[in-house]
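# Architecture and fold: a report
Each chain, letter by letter, is given below.
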Amino acid sequence: MKVLVVGQGGREHALLWKLKQSPLVDAVYCAPGNAGTAADGINVDISDTDIRGLVKFALNEKIDLTVVGPEAPLCAGLVDELEKLGLKVFGPSKAASQLEASKLFTKRILRRANVPTARFERFDRAEAAIASLRTLEDGPCVVKADGLCAGKGAIVCANHEEAIDAIKRILVDREFGKAGSELIIEECLVGQEVSILAIVDGHTIIPLETSQDHKRALDGDLGPNTGGMGAYCPTPLITDELMTEIVEHVLIPVVHTMNMEEMPFRGILYAGLMLTETGLQVLEFNVRFGDPEAQPVLMRLKSDLAEILLAAAERRLDQIEPLEWDERPSVCVVMASDGYPGSYEKGRPITGIENADELEGVKVFHAGTKLINGVPCSNGGRVLGVTALGDNIFDAKRRAYEAVRKIRWEGAWCRKDISDKVRELLETENA
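These lines cover the structure that appears in this document, whether it is placed above or below. (Residues numbered from 1 in each chain as written. Predicted model: local features only at pLDDT ≥ 70, side-chain atom pairs only at ≥ 80, totals over all residues. Heavy atoms only, no water.)

One open sheet accounts for 5 strands, arranged β3-β2-β1-β4-β5; its pairing is parallel. Bordering the open sheet on either side are β3 (42–43) and β5 (89–90), each of which pairs with just one other strand. As paired elements, strand β4 (residues 65–68) and β5 share 2 bridges and run parallel to each other. Paired with T66 across the bridge in β5 is V89. Here helix α12 (residues 305–313) sits on the sheet and contacts β4 and β5; the angle it forms with β4, its principal contact strand, is near 95 degrees. (Pairing = 2+ DSSP bridges. Helix = DSSP H or I, 4+ residues; strand = E, 2+ residues; numbered from the N terminus. Contact = heavy atoms within 4.5 Å. Axes fitted to C-alpha atoms, helices over the stretch in contact; angles between N-to-C directions.)

Look at helix α10 (residues 240–260): 29 Å from first C-alpha to last across 21 residues, which is about the 30 Å you get at 1.5 Å a residue. Maximum bend of α10: about 35 degrees, positioned at V247. Of all the positions in α10, only L242, M243, I246, V247, V250, L251, P253, V254, V255, T257 and M258 are classed as buried. Of the surrounding secondary structure, the elements contacted by the buried residues of α10 are α6 (98–101), α7 (103–113), β10 (192–201), β11 (205–207), β16 (266–276) and β17 (279–286). Of the residues trailing α10, E262 is marked for its positive phi of about 60 degrees. (Expected span 1.5 Å × (residues − 1). Bend = angle between axes of the 7 residues up to and from the residue. Buried < 20%, exposed > 50% of the residue type's maximum accessible area, 1.4 Å probe, protein only.)

Turning our eyes to something else, we now look at the environment of K152. If you trace the backbone, K152 turns up in the loop between β7 (141–145) and β8 (154–157). Here K152 falls in the partly exposed class, since its relative accessible area comes to 33%. A sequence separation of 75 residues divides K152 from G227, and the C-alpha atoms of the two residues are 7.0 Å apart. When near neighbours in sequence (up to four residues on either side) are disregarded, K152 contacts F176, Y340 and P341.

Here the focus is unusual backbone geometry. The omega angle of the peptide bond from A31 to P32 is -5 degrees, so this bond is cis rather than trans. Tracing the chain through its elements places P32 in strand β2 (residues 27–32).

Take a look at the structure:
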């Protein structure tokens, strides 16, 4: 069959790479793609937000399955438009995508589903938000723009001064545009953050292997929030017992509530969870594969991804065999451009990717890259996701950073401590 992957980041490269391995798949297209998807598949020069163009291409090329990677086309209704024409697509509807498009919507669903989440207040005027903040004890909080902000709309504040600055950035300076027309001020939860990805067809829920993202820009979880500087899979934080709790007390109630709201959820349900001293709390939902979580998770998947996603699109997930996983853990290290998550230069030639890919158990997934005169060049803040399998998590980390050292471009940098949290956890358990 012919598959279309929509998007241009590291998540989409990982999806295309894994889908291409399926014996069911004859060709995989990526719109618009990047330098990596051009090497592993067929790029199509259509923006991931050009709904009309994507639908026209899917019709003309007789695409058998469309897999939507990023949130923007999902929230713009691409799935709805494809399904109207009888085309098969993996991803949630525009209505169901509100779980990511609106933090206020998500809070309402969580309350109705009786799922634990941080306390919050909603505001659409800076004066009211600041006045309310000043009635609280000075201390940490999180200020979140309501809408889609490319992973940068949640601002963790250490005190009222930082929170007031965040409020002004969102509601006064309009740093996030329409996405910041409303905000919430949320209690700052303390604990370990984990990512749970599950494939859902409206009724059946199949959790994927666990992972842990590294949101902060700098080693030791310091610096500003980013879209993610690396991830590893699996995380020892999630035991079998805790996964059962997550499925029974988070995923099932949310999927059931979405059905009750007549917005059935089909696609990837991504739960960002904080493991606190008082139990798990939901930080956020996304409605697509995480990036960079997708890279280490898909690296370990041995089952046929095309078969799985097609079954989900056809509402028959309950008929597929249990998923098979490589027993080896994986680590993904994001290589970024100097200046990220702020401003950065584009168009810088990258060398060494082929040398890194030749290492055993390593795959370099492209994120912000573009071919210029046949040469892969930087084209974003997060440029590459260097991913490796290893005999254990420490071996996977060693292999990933060995590959990183073979890649060069002007201004390249990365965190040096991706997956070190595992060592900290093991030391704590053995203390």
